[in-house]
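Chain by chain, the residues:
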2 protein chains.
Amino acid sequence: MVGFAFAACFMMLLEEVLSLIELPDALAAQLASERLDSLTKPAGSLGHLEEIVRSYAAMRRDPEARMGRGAIAVFVADHGVTDEGVSAFARAVTAEMLRNIARGGAAISVLARRLGYLLRVVDVGVATDTSGEALPGVVYRRIGGGTRNFLRERAMTLAQAHLAVETGINVARELVDAGATLIGIGEMGIGNSTSAAALLSALTGISPAELVGRGTGLDDAGVRHKTEVVTCALALHQDSRSSAQALLAALGGFEIAAMAGVCICGAALHVPVVVDGFIATAAAGVASEFHPSVAKYLFFSHRSAEGGHALALEHMDARPILDLEMRLGEGTGAAIAMSVIESALALYRDMATFAQAGVSGKLR
Amino acid sequence: MVGFAFAACFMMLLEEVLSLIELPDALAAQLASERLDSLTKPAGSLGHLEEIVRSYAAMRRDPEARMGRGAIAVFVADHGVTDEGVSAFARAVTAEMLRNIARGGAAISVLARRLGYLLRVVDVGVATDTSGEALPGVVYRRIGGGTRNFLRERAMTLAQAHLAVETGINVARELVDAGATLIGIGEMGIGNSTSAAALLSALTGISPAELVGRGTGLDDAGVRHKTEVVTCALALHQDSRSSAQALLAALGGFEIAAMAGVCICGAALHVPVVVDGFIATAAAGVASEFHPSVAKYLFFSHRSAEGGHALALEHMDARPILDLEMRLGEGTGAAIAMSVIESALALYRDMATFAQAGVSGKLR
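Everything quoted here is computed from the prediction, not taken from an experiment.

Caption draft 1: Representation of the overall build of chain A within the structure. Secondary structure summary: chain A contains 16 helices and 6 strands in total. In terms of C-alpha radius of gyration, chain A reaches 20 Å, essentially the compact-globule figure of 21 Å for 364 residues. Burial analysis of chain A (364 residues in total) assigns 66% to the buried set. By sequence separation, contacts in chain A at least 24 residues apart represent 75% of the contacts at least 6 residues apart. Accessible surface, chain A: about 12,000 Å² in total, of which carbon and sulfur atoms supply 52%. Each charge class in chain A can be summarised by its mean position, and for the 30 positive and 38 negative side chains these summaries are 4 Å apart.

Caption draft 2: Quick peek at the relation of the copies chain B and chain A. Mapping chain B onto chain A is achieved by rotating through 180° and translating by 0.0 Å along the same axis, at an RMSD of 0.0 Å. Put plainly, the chains are arranged around a two-fold axis. Relative to the rotation axis, the C-alpha of leucine 322 of chain B is the closest in chain B, positioned 3.2 Å from it. Most of the interface of chain B is mirrored in chain A, where 100% of its interface residues are also at the interface.

Caption draft 3: Representation of the interface of chain B and chain A in the model. If you look at the interface, chain B gives 59 residues, while chain A gives 59 residues. Between chain B and chain A, roughly 4,800 Å² of surface is buried when both sides are summed, and carbon and sulfur atoms account for 59% of that area. In this structure, glutamate 325 of chain B engages arginine 319 of chain A in a salt bridge whose closest nitrogen and oxygen atoms are separated by 2.6 Å. Mapped by element, the contributors of at least two residues to the side of chain B that touches chain A are α4 (48-60), α5 (92-102), α6 (107-115), α15 (332-350) and α16 (354-357) of chain B. Considering each element in turn, the side of chain B that touches chain A owes the most residues, 8 residues, to α15 of chain B. Residues belonging to the side of chain B that touches chain A are distributed by class as follows: 30 nonpolar, 17 polar and 12 charged.

Caption draft 4: Examining the sheet that holds strand β3 (residues 138-140) of chain B more closely. Residue and element names in this part refer to chain B. Ordered by their spatial adjacency, 6 strands build an open sheet running β3-β2-β1-β4-β5-β6, and the pairing between neighbours is parallel. Two strands close off the open sheet at either side, each with one partner strand: β3 and β6 (298-300). Neighbouring strand axes in the sheet, compared pairwise and without regard to direction, differ in orientation by 25° on average. In terms of strand pairing, strand β1 (residues 69-77) meets strand β4 (residues 180-188) through 8 bridges, oriented parallel. Bridging from a neighbouring strand, valine 74 pairs with glycine 186 of β4.

Caption draft 5: Summary view of the side chain of threonine 332 of chain B. Topologically, threonine 332 of chain B is positioned in helix α15. Apart from residues lying up to four places away in sequence, threonine 332 of chain B is in contact with Ala107, Ile108, Leu111, Asp276 and Met326 of chain B.

Caption draft 6: Quick peek at the side chain of serine 301 of chain B. Residue and element names in this part refer to chain B. The residue serine 301 is located in the loop between β6 and α14 (309-315) in this model. Under the relative-accessibility criterion, serine 301 is labelled buried at 0%. Looking at serine 301, its side chain comes within polar contact range of the main-chain oxygen of aspartate 276, at 3.2 Å. Dropping the residues within four chain positions of it, serine 301 is found in contact with Val274, Val275, Asp276, Pro320, Ile321, Leu322, Gly333, Ala334 and Ala337.

Caption draft 7: Inspection of the sheet that holds strand β1 (residues 69-77) of chain A at higher detail. Residues and elements named next belong to chain A. Spatially, 6 strands are ordered β3-β2-β1-β4-β5-β6 in an open sheet, and the strand pairing comes out parallel. Only two strands of the sheet have a single neighbouring strand rather than two, namely β3 (138-140) and β6 (298-300). Recorded for the sheet is a direction-independent mean angle of 25° between the axes of neighbouring strands. Here helix α4 (residues 48-60) sits on the sheet and contacts β4 (180-188) and β6; the angle it forms with β6, its principal contact strand, is near 155°. On top of the sheet, helix α12 (residues 254-269) reaches β1, β2 (118-125), β4, β5 (273-275) and β6; it is set at about 165° to β4, its chief contact.

Caption draft 8: Here's a closer look at the nonpolar core. If you look at the biggest cluster of nonpolar residues, it comprises 290 residues, and the most contacted ones within it are Leu49 and Ile264 of chain A together with Leu49 and Ile264 of chain B. Not counting residues within four places of it along the chain, the set of residues in contact with isoleucine 264 of chain B comprises Leu14, Val17, Leu18, Ile21, Val165, Ile169, Ala287, Phe290 and Val294 of chain B.

Caption draft 9: Structural detail: α15 of chain B. The first and last C-alpha atoms of α15 of chain B sit 27 Å apart over 19 residues, in line with the 27 Å expected at 1.5 Å per residue. For α15 of chain B, the tally of buried residues reaches 17 of 19 residues, placing the bulk of the element in the interior.

Caption draft 10: Up close: helix α13 (residues 278-290) of chain B. Residues and elements named next belong to chain B. When the terminal C-alpha atoms of α13 are compared, their 19 Å separation across 13 residues agrees well with the 18 Å that a helix rising 1.5 Å per residue should span. Within α13, 12 of the 13 residues are buried, which leaves it mostly tucked inside the rest of the structure. For α13, every residue scored as buried is listed here: Phe278, Ile279, Ala280, Thr281, Ala282, Ala283, Ala284, Gly285, Val286, Ala287, Ser288 and Phe290.

Caption draft 11: Summary view of the packing of aromatic side chains. The final tally for this structure, using the stated rule, is 2 aromatic pairs over all chains. A centroid spacing of 6.2 Å and a plane angle of 15° characterise the contact between phenylalanine 89 of chain A and phenylalanine 354 of chain B, whose relative ring orientation is stacked. Note that phenylalanine 89 of chain A is positioned in the loop between β1 and α5 (92-102) and phenylalanine 354 of chain B in helix α16, a pairing that runs across two chains. With respect to class, phenylalanine 89 of chain A is no different from phenylalanine 354 of chain B; both count as buried. The ring of tyrosine 348 of chain A carries arginine 35 of chain A above its face, with NZ or CZ at 5.5 Å from the centroid.

Caption draft 12: Seen up close, the pattern of salt bridges. Residue and element names in this part refer to chain A. If you walk through the whole model with that rule in mind, you get 32 salt bridges over all chains. Ionic pairing is found between glutamate 133 and arginine 99, a salt bridge with its closest N-O pair at 2.7 Å. One end of the pair, glutamate 133, is in the loop between β2 and β3; the other, arginine 99, is in helix α5, with 34 residues separating them in the sequence. With relative accessibility at 33%, the residue glutamate 133 sits in the partly exposed group. Here the residues in one salt-bridge network are Arg120, Arg141 and Glu174, joined through shared partners.

Caption draft 13: Spatial organisation of the packing of α4 of chain A against helix α15 (residues 332-350) of chain A. Residues and elements named next belong to chain A. The interhelical angle for the contact between α4 and α15, taken along N-to-C directions, is 85°, at an axis separation of 9 Å. Classified by the angle between their axes, α4 and α15 sit roughly perpendicular to one another. Only Val340, Ile341, Ala344, Leu345, Leu347 and Tyr348 of α15 make contact with α4, whose side of the interface consists of Leu49, Ile52, Val53 and Tyr56. Residue composition of the contact of α4 with α15, by class: 10 nonpolar, no polar and no charged.

Caption draft 14: View of the confidence of the model for chain A. All names here are of chain A. Averaged over all residues, the pLDDT of chain A is 96; the fraction at 70 or higher stands at 97%. Low pLDDT (under 50) marks residues 1-9, which in the prediction has 7 contacts with non-local residues, meaning those over four places away or in another chain. Scored as a whole, the predicted complex attains pTM 0.96, and scored at its interfaces, ipTM 0.96.

Caption draft 15: Here's a closer look at the environment of aspartate 220 of chain A. Turning to its location among the elements, aspartate 220 of chain A is positioned in helix α10 (residues 220-236). Residues aspartate 220 of chain A and methionine 326 of chain A, spaced 106 residues apart in sequence, show a C-alpha to C-alpha distance of 19 Å.

Caption draft 16: Expanded view of unusual backbone geometry. The backbone phi angle of glutamate 325 of chain A is positive, close to 55°, even though this residue is not glycine. Within the element layout of this structure, glutamate 325 of chain A appears in the loop between α14 (309-315) and α15. The exposure class of glutamate 325 of chain A is partly exposed, given its relative accessible area of 43%. Despite not being glycine, alanine 65 of chain B shows a phi value in the positive range, around 50°. As for its placement among the helices and strands, alanine 65 of chain B is situated in the loop between α4 and β1.

Rules used in this analysis
- Residues numbered from 1 in each chain as written.
- Chains lettered and ligands numbered in written order.
- Predicted model: local features only at pLDDT ≥ 70, side-chain atom pairs only at ≥ 80, totals over all residues.
- Heavy atoms only, no water.
- Helix = DSSP H or I, 4+ residues; strand = E, 2+ residues; numbered from the N terminus.
- Rg over C-alpha atoms; globule rule 2.2 N^0.38 Å.
- Buried < 20%, exposed > 50% of the residue type's maximum accessible area, 1.4 Å probe, protein only.
- Contact = heavy atoms within 4.5 Å.
- Areas by Shrake-Rupley, 256 points an atom, 1.4 Å probe, with all protein chains shown as cover.
- Lys, Arg positive; Asp, Glu negative; His and termini not counted.
- Charge placed at Lys NZ, Arg CZ, Asp CG, Glu CD.
- Least-squares fit on C-alpha atoms with pLDDT ≥ 70 in both.
- Buried area = accessible area lost by both parts, 1.4 Å probe.
- Salt bridge = Lys/Arg side-chain N within 4 Å of Asp/Glu carboxyl O.
- Nonpolar A, V, L, I, M, F, W, Y, C, P; charged D, E, K, R; others polar.
- Pairing = 2+ DSSP bridges.
- Axes fitted to C-alpha atoms, helices over the stretch in contact; angles between N-to-C directions.
- Polar contact = N/O pair within 3.5 Å; in protein donor to acceptor, adjacent residues only side chain to side chain.
- Core = buried A, V, L, I, M, F, W, Y, C linked by side-chain atoms within 4.5 Å.
- Expected span 1.5 Å × (residues − 1).
- Phe/Tyr/Trp six-rings, centres within 6.5 Å; stacked < 30°, edge-to-face > 60°.
- Lys NZ or Arg CZ within 6 Å of the ring centre and 35° of its normal.
- Parallel < 35°, antiparallel > 145°, perpendicular 65-115°, else oblique.
- pLDDT = per-residue confidence, 0-100.

What follows is the structure, encoded as structure tokens:
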């Protein structure tokens, strides 16, 4: 750990972080189970909240399941595949929404404020460079001015994919340094549901027709066209499925790669990551290809109404916390789920035990 | 309204309150829809949260969907049917848990504190009278020292049922006077899942075998016995299905009747009521028998893991906000759902519109 602490002063490297990942602490989960059963409630009656507490305790290696800060990292980037007319909104909306998030008017801005979460907005490759605009709270870690059109060529180089993942790792590390013990991941990027559908199809084997959704609001013809684009792109990049990094480079986005980096870093640093919806799930899927234990440090926040998100979650054996038919992105589902996780942790820490409260236990 | 305001100085009467109930305001819902579509997000992408906003605006007759205080009313009472051995916990636990709630150690105490909700705990008929114990925050509106055993006789008199409903009405009125614009209902009462199963079966026609659950933790034999008790009680009180009040008197509980009163008063005063789980749903069902429009002022907080709650919700055409397999009661599911409702309202009020944020709209 000394070597690790030393290295952390510099940029954390992907390979180094991957080598730190271990399984969650089964003993902490066991101790949490025992405490849960001692609390003044029928055994198991908090349902999924109890599972959340056990998982959090195990991930944090902390039987007390203490909560520090909640943080949300929103990565923003553009996608070359928008050239194919796969989105109901113009590419310029990515930069417009970056400004909106920064100025507090976007959905995630409202939720982070209301729920008290640290919001970190990161431009990892928006087509329009807004770094001269002094947008409050935006961090610039631009890998480029958007990816290339993956229907024609790889979305990015292998080096860019690597750098984007490491960018996510470093953002996560900074949030952990700021006290975060729970990190939500979200995104904004016109065209990124096309990239996510392609990645999820490659990762799960589920067909594009089952995965592709309306994104920001395509009509039926738009969905058919988007499905064709994904199908053709998968055929074009068939050789890129050999590694997670190659897959990201071929079909990913800078923001998706960065979110994968957060998932990887969370696993390494024992900080649970709360996965937002369709696009964040693609990132989580890719992260799990980098290291299979990454999945054990994730909470899936909600079942999105976008495309085949429900199918993808099933394939990943993920049980989402919420099912509100949301499909907005930005980390909005993650934020609401984080509040539920915090409620579960508060119950665990603050409820009285049967002994403390003088409440009689079960009869038989 | 002058007469109403005058009457409100005194105890509000059931008949008077019922006469005030009108349909929610469709225009407010329409205006809310229009504003939702102007916000910087893909149309409809907040899913169920948008439906929540529209409903809240309509119930409140307020297109701005302003939120005042959130309040949770927890009614506590004992049940004579516990003589039949229908619960895994002893009847004495009701009073023990009343003390635990008052002292801050129960699940609902923790959640109300964490989420900032006004918690009103009302003893409407616990077997042990704790009114001399100076329990913080507990209000005593005792209808009796528990109901009678409804396997042998009616649980309460018609007059008691009436009084219990009016007690709930008055508690709701007090909370509204204190600024509440959203009221969660919860309960504690050993034996009350038996009463709720009987009521729900009578109201919906769903069989006891499908409705009866494990309550606080019965084993299979216990569930079989509890199902027999419910089946026999339904046969005994077959003649009591003529009116909501008679049904409550025959098979109800003081806390269930009081929760029904909150639902009725919420509808009359345009204050949405958030229904907790299995037992609160029985109260909501009874309240809707008093006046069919009551149902239009309810949010169903969660799908409980208790017995046939999912079936009952389906029968009532109710779409719960959460599905966390909780079955604790006390208003715990309501509290967490209220926080989701508040998030929905915050998004509605605080998000920027496309025009305000200078974000381009949909292409086509």
